[in-house]
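Here is how the chains run, residue by residue.
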Amino acid sequence: MSFSTLIDCETLAARLNENNWRIFDCRFDLADTRRGERAYAAGHIPGSFYAHLDRDLAGPISPRSGRHPLPEIADLSAWLGARGVSRDTQVIAYDDTGGTMAVRLWWLLRWLGHRQVALLDGGLPSWVNAGLPLQTDPPPTPPQREFHAAPDPAQVVTSDEIADQLNAGEHRLLLLDARTGERYRGEAEPIDPVAGHIPGAVNLTLQDNLNDDGRFKSPAALRALYERALAGHPAGDTAVMCGSGVTACHNLLAMELAGLTGGRLYAGSWSEWIRDPGRPVATGP
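Residues numbered from 1 in each chain as written. Predicted model: local features only at pLDDT ≥ 70, side-chain atom pairs only at ≥ 80, totals over all residues. Heavy atoms only, no water.

The geometry of helix H5 (residues 102-111) relative to helix H10 (residues 249-257) is characterised by a closest axis approach of 8 Å and an angle of 70° between their N-to-C directions. With respect to their mutual orientation, H5 and H10 come out roughly perpendicular. When the axes of H5 and H10 are compared, the crossing they make is left-handed. Of the residues in H10, those in contact with Val103, Arg104, Trp106, Trp107 and Arg110 of H5 are Cys249, His250, Leu252, Leu253 and Glu256. Looking at the contact of H5 with H10 residue by residue, the class counts come to six nonpolar, one polar and three charged. (Axes fitted to C-alpha atoms, helices over the stretch in contact; angles between N-to-C directions. Helix = DSSP H or I, 4+ residues; strand = E, 2+ residues; numbered from the N terminus. Parallel < 35°, antiparallel > 145°, perpendicular 65-115°, else oblique. Left-handed = near helix turned anticlockwise from the far one by under 90°. Contact = heavy atoms within 4.5 Å. Nonpolar A, V, L, I, M, F, W, Y, C, P; charged D, E, K, R; others polar.)

Okay, here's the thing in structure tokens:
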């Protein structure tokens, strides 16, 4: 049996000794980029490797890119292979913030054609609350394996595509913006130098995907949430975005759970959009 969306703590705990499973701790703090590594060293799910957002799950920033460009496919494939991941490996990702960081690895693997990847529902807090064990030592280095990527470029939307659509007055591609309402409306911007949103984008904050316990809502609840936001728009003609293309993946996972498949990622997101001062910016609702 393989897992491609979510896995619960009890199921993962029963599979910790599976030879062809790899677990990744994706804890990360944008304001303190070493916090995740410190937390990992203090205690992590047994057998898990640490995945650093800036170093492992993103490429170098350029003058035209957003804050977390997609990594080079060869680099990401080599990183995965060095941790024993091949095309038949079950991968599990987790964090301590409702999946907001771990979804980056979930989406990257699916972009590379790897479907056997799931998010730990509820993350490390649920694991700890269940009384399950932690360890402080990193796992032993596994044998090197070959990860053969089969990337799907159609899963990625570019800034040029969005700009061309706006310039032509078209609305085929619906943008779903996962940032908080304050950032979307331009009332506050704690990270990027320009506040606001792309004209025509719909705000659907990722926090709406979760219950109070940090676990994802039911498929039926998520479907109702997203159908309201889509307002009849085909799920396959949507693109999700956020500040830098990381937390937006949370909405893609929620759509997958809801049975609304085919959404794409605007990988550059807001931080790339505002690199060009000629691109339009909207504020307000």
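As enumerated under the stated definition, the model contains five aromatic pairs in all. Summarising the aromatic geometry, the rings of Phe24 and Phe49 are spaced 5.9 Å apart at their centres and angled 35° between planes, so their arrangement reads as tilted. Taken together, the residues span a long stretch of sequence, with Phe24 in strand E2 (residues 21-25) and Phe49 in strand E3 (residues 48-50) at a distance of 25 residues. A relative accessible area of 0% places Phe24 in the buried class. Residue Phe49 is classed as buried on the basis of its relative accessible area, which comes to 12%. (Phe/Tyr/Trp six-rings, centres within 6.5 Å; stacked < 30°, edge-to-face > 60°. Buried < 20%, exposed > 50% of the residue type's maximum accessible area, 1.4 Å probe, protein only.)

Relative to the assigned elements, Asp192 resides in the loop between helix H8 (181-185) and strand E8 (202-203). In this structure Asp192 comes out as buried when scored by relative accessible area, which is 7%. A polar atom in the side chain of Asp192 sits 2.8 Å from the side chain of Arg67. Every residue in contact with Asp192, bar those within four places of it in the chain, is listed here: Arg67, Arg183, Gly243, Trp270, Ser271 and Ile274. (Polar contact = N/O pair within 3.5 Å; in protein donor to acceptor, adjacent residues only side chain to side chain.)

Glancing now at the side chain of Ser159. Among the structural elements, Ser159 can be located in helix H7 (residues 159-167). Polar side-chain contacts of Ser159 include one of 2.6 Å to the side chain of Glu272. Ignoring any residue separated from it by four or fewer positions in sequence, one finds Ser159 in contact with Tyr266, Glu272, Trp273 and Arg279.

On to the sheet that holds strand E5 (residues 117-120). Strand pairing in a sheet relies on backbone hydrogen bonds. The paired strands run either parallel or antiparallel. Spatial strand order, E1-E5-E4-E2-E3: five strands in an open sheet with parallel pairing. A strand with exactly one partner marks an edge of an open sheet, and here the two such strands are strand E1 (6-7) and E3. By the bridge criterion, three bridges tie strand E4 (residues 90-94) to E5 in an arrangement that is parallel. Across the sheet, Ile92 pairs through a bridge with Ala118, a residue of E5. Contacts from H5 reach E2, E4 and E5, with the element oriented near 170° to E5. (Pairing = 2+ DSSP bridges.)

A separate point is the nonpolar core. Inside soluble globular proteins, nonpolar side chains tend to come together where they are buried. Among the nonpolar cores identified, the biggest contains 56 residues, and Phe24, Leu105, Trp107 and Tyr226 are the most heavily contacted of them. Every element with two or more residues in this core is listed here: E3, helix H4 (73-82), E4, H5, E5, strand E7 (174-177), helix H9 (219-230) and H10. No other element matches the eight residues that H5 contributes to this core. Every residue in contact with Phe24, bar those within four places of it in the chain, is listed here: Ser48, Phe49, Ala51, Trp79, Arg83, Val85, Val91, Ile92, Ala93, Tyr94 and Leu105. Ala163, Leu173, Ala239 and Tyr266 belong to the second-largest nonpolar core, a separate cluster that totals 14 residues. (Core = buried A, V, L, I, M, F, W, Y, C linked by side-chain atoms within 4.5 Å.)

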